[in-house]
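Architecture and fold: a report
As a plain string of letters, each chain reads:
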Amino acid sequence: FIKANKTTINSLWIASISYALAKYLSREDAIFTTVYNGRNDTRIHQDVGMFVHTLPIVVEPFKSSNAVDFVKSVGEQIQLNMAHDIYSFMEIAHDYGVRADLLFVYEGKISQGAKLGGEDIKNATLLSTNEPKADILIAVSDIDDGFNIQIEHDGNKYEEWSIDSFINSVIR
């Protein structure tokens, strides 16, 4: 599907989450956030550091005539958002009083190991801030036989069964 339709795994996941979220909330749109590496500025291409940017995603999944068009339109929106990320999500959140209730992170093959200077980093661990990044965080990484899906959620706002139900609707 990905190669045949010239799209990305990230776009497919975001489209799936958008569709499930709109259905789950009985809305015509889905609004949430995602992240990207933030390295589109050529001035920092050799810099080392954390340049992750949060991008807002606003999608109307039922306006597309078919799934392929929908996934492609999601990919186009992601590219446009990255091209216009000069106005950070943090500024948007502050200026308009919005927050990221749901954050989606596609990590690709990061769980399969990391390299530094061409050498494998053994036992690399990701550091947690022990603070929630959003009320619901969905992190997906590639593994040999599919995907690893990790979910964090605010237990004071969401019951385990509702999160499980939502995730099951995303992956079906």
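Here's a quick rundown of the structure. Each residue is numbered by its place in its chain's sequence as written, counting from 1. It should be noted that, the model being predicted, local features are given only for residues of pLDDT at least 70 and side-chain atom pairs only at 80 or more, the latter also being counted only at that level, while totals for whole chains, interfaces and linings use all residues. Only hydrogens and water are set aside when side-chain values are computed; all heavy atoms of the structure are taken into account.

**Observations concerning the overall build of the protein chain**
So the rule is basically this: Where helices and strands are cited, they refer to DSSP runs of H or I of at least four residues and of E of at least two residues respectively, numbered from the N terminus. Three exposure classes are used, based on accessible area relative to the maximum for each residue type with a 1.4 Å probe and protein chains only: buried under 20%, partly exposed in between, and exposed over 50%. Any pair of residues with heavy atoms lying within 4.5 Å of one another is described as a contacting pair.
A tally of helices and strands in the protein chain yields 4 helices and 7 strands. Ordering the α and β elements of the protein chain from the N terminus gives α-β-β-α-α-β-β-β-β-β-α. Across the 172 residues of the protein chain, 33% fall into the buried class. The long-range share in the protein chain, meaning contacts at least 24 apart out of those at least 6 apart in sequence, stands at 62%.

**Some points on the sheet that holds strand β7 (residues 146-153)**
Short version of the rule: A strand pair is defined by DSSP finding two or more bridges across the two strands. Only the contacting stretch of a helix is used when fitting its axis, a line to C-alpha atoms as for every element, and angles between N-to-C directions run 0 to 180 degrees.
Across the sheet, which stays open at both edges, the 5 strands sit in the order β2-β1-β3-β6-β7 with mixed pairing between neighbours. Strands with a single pairing partner mark the edges of an open sheet, and in this sheet they are β2 (53-59) and β7. For this sheet, the mean inter-axis angle between neighbouring strands, taken without regard to orientation, is 25 degrees. Direction of pairing for strand β6 (residues 136-143) relative to β7: antiparallel, over a ladder of 8 bridges. Residue I138 lies in a different strand from β7, and its bridge partner there is I151. Contacting β3 (102-108), β6 and β7, helix α4 (residues 160-171) runs over the sheet at an angle of about 150 degrees to β7.

**Here we look at the nonpolar core**
To keep things clear, this is the line we draw: What we call a nonpolar core is a set of buried Ala, Val, Leu, Ile, Met, Phe, Trp, Tyr and Cys residues that are connected through their side-chain atoms within 4.5 Å.
Counting 27 residues, the largest nonpolar core has I17, F32, L102, F104, I138 and F166 as its most contacted members. For this core, the secondary structure elements donating two or more residues are α1 (9-25), β1 (30-36), β2, α2 (67-83), β3, β6 and α4. The greatest single-element share of this core, amounting to 7 residues, is contributed by α1. Among the nonpolar cores identified, the runner-up in size contains 5 residues, and L103, A134, L137 and A139 belong to it.

**Digging into the environment of E76**
Positionally, E76 belongs in helix α2. Residue E76 is classed as exposed on the basis of its relative accessible area, which comes to 54%. For the pair E76 and S11, spaced 65 residues apart in sequence, the C-alpha separation works out to 8.8 Å.

**Side note on the environment of I149**
With respect to the element layout, I149 can be found in strand β7. When its relative accessible area of 29% is taken as the criterion, I149 is described as partly exposed. I149 sits 18 residues away from I167 along the chain, and the two C-alpha atoms are 9.2 Å apart.

**Examining α1**
Our working rule: A helix is expected to reach a length of 1.5 Å times the quantity of its residues less one.
Helix length check: α1 (17 residues) gives 24 Å between terminal C-alpha atoms against 24 Å at 1.5 Å per residue, within 8%. Every buried residue of α1 is accounted for by N10, S11, W13, I14, A15, I17, S18, A20, L21 and A22. A positive phi of about 55 degrees marks S26, the residue just after α1.

**Regarding α2**
Let me state the cut-off plainly: What the arc measures is the spread of directions leading from the helix axis to the C-beta atoms. Distance and chemistry together define a polar contact, namely a pair of N or O atoms within 3.5 Å, with one atom able to donate a hydrogen and the other to accept it when in protein, and with adjacent residues in sequence counting only for side-chain atoms on both sides.
With 17 residues, α2 extends 25 Å between its outermost C-alpha atoms, agreeing within 8% with the 24 Å of an ideal straight helix rising 1.5 Å per residue. Within α2 the residues assigned to the buried category are F70, V71, V74, G75, Q77, I78, N81 and M82. Down the axis of α2, the sector holding all buried residues measures 160 degrees, keeping them to one side. Facing away from the buried side of α2 by over 90 degrees, the exposed positions are E76, L80 and A83. As for α2, its buried residues are in contact with α1, β1 and β2. The opening residue of α2, the one whose side-chain oxygen lies 3.1 Å from the backbone nitrogen of V68, is N66.

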